[in-house]
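Residue-level structural notes
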Amino acid sequence: MQNPFGNNNNNDQNPFDLNNLPLPPNYAKVVNDQGQIKIAKVGISWTTLWFGPLPALFRGDYYNFLLMIVLDLDYALVVLFFGLNWLMQFPWPSLVFAIFYNMMYFKHSFNIGYRPADQRSRELLERFHYLKK
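The following paragraphs examine the structure supplied in this document. All of these numbers come straight from a predicted model, not from anything done at the bench.

1. Focus: the nonpolar core
Among the nonpolar cores identified, the biggest contains 18 residues, and Ala28, Val30, Val42, Phe106, Phe110 and Leu125 are the most heavily contacted of them. Only strand E1 (27–31), helix H3 (62–81), helix H4 (92–111) and helix H5 (119–127) provide two or more residues apiece to this core. In terms of residue count, H4 provides more of this core than any other element does, six residues in total.

2. A word on the sheet that holds E1
Pairing is antiparallel across the open sheet formed by three strands, whose spatial order is E2-E1-E3. Since the sheet does not close on itself, it has two edges, and those belong to strand E2 (37–41) and strand E3 (115–116), each with one partner. Sheet topology places E1 next to E2; five bridges connect them, and they run antiparallel. Paired with Lys29 across the strands is Ile39, a residue of E2. Sheet contacts for H4: E1, E2 and E3; angle to E2, the most-contacted strand, approximately 160°. Relative to E1, H5 is tilted by about 115°, and along the sheet it contacts E1 and E3.

The rules behind each value
- Residues numbered from 1 in each chain as written.
- Predicted model: local features only at pLDDT ≥ 70, side-chain atom pairs only at ≥ 80, totals over all residues.
- Heavy atoms only, no water.
- Core = buried A, V, L, I, M, F, W, Y, C linked by side-chain atoms within 4.5 Å.
- Buried < 20%, exposed > 50% of the residue type's maximum accessible area, 1.4 Å probe, protein only.
- Helix = DSSP H or I, 4+ residues; strand = E, 2+ residues; numbered from the N terminus.
- Pairing = 2+ DSSP bridges.
- Contact = heavy atoms within 4.5 Å.
- Axes fitted to C-alpha atoms, helices over the stretch in contact; angles between N-to-C directions.

Treat this as a map of the structure, not an account of what it does.
Here it is in structure tokens:
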């Protein structure tokens, strides 16, 4: 497979080998002891900004999906209870989750046994403070 991202990873030995998968510079791979690989973006989650908790559901991240649903409902109840209906015109919880969701996803993955799959992913996760040095 030819690497479109220009990070010198042009190894064509096995097309189904995910260890040599070319990734954009802001994506990291994590792997667990069973060999399952997760690939996700590091930084702001634009899909969470536009679609709320649905990206967490599609990733199979039920923990953060339920957390987002509960906090979104809590936000709506507080706004309606205090009569601050003008706050409902902009999705403030989605903005906050867009900033923090990818970090929450990786940290939850680390808690259930995942670790960086390669040195590039480790350095990227450390640079964004998702992983401690």
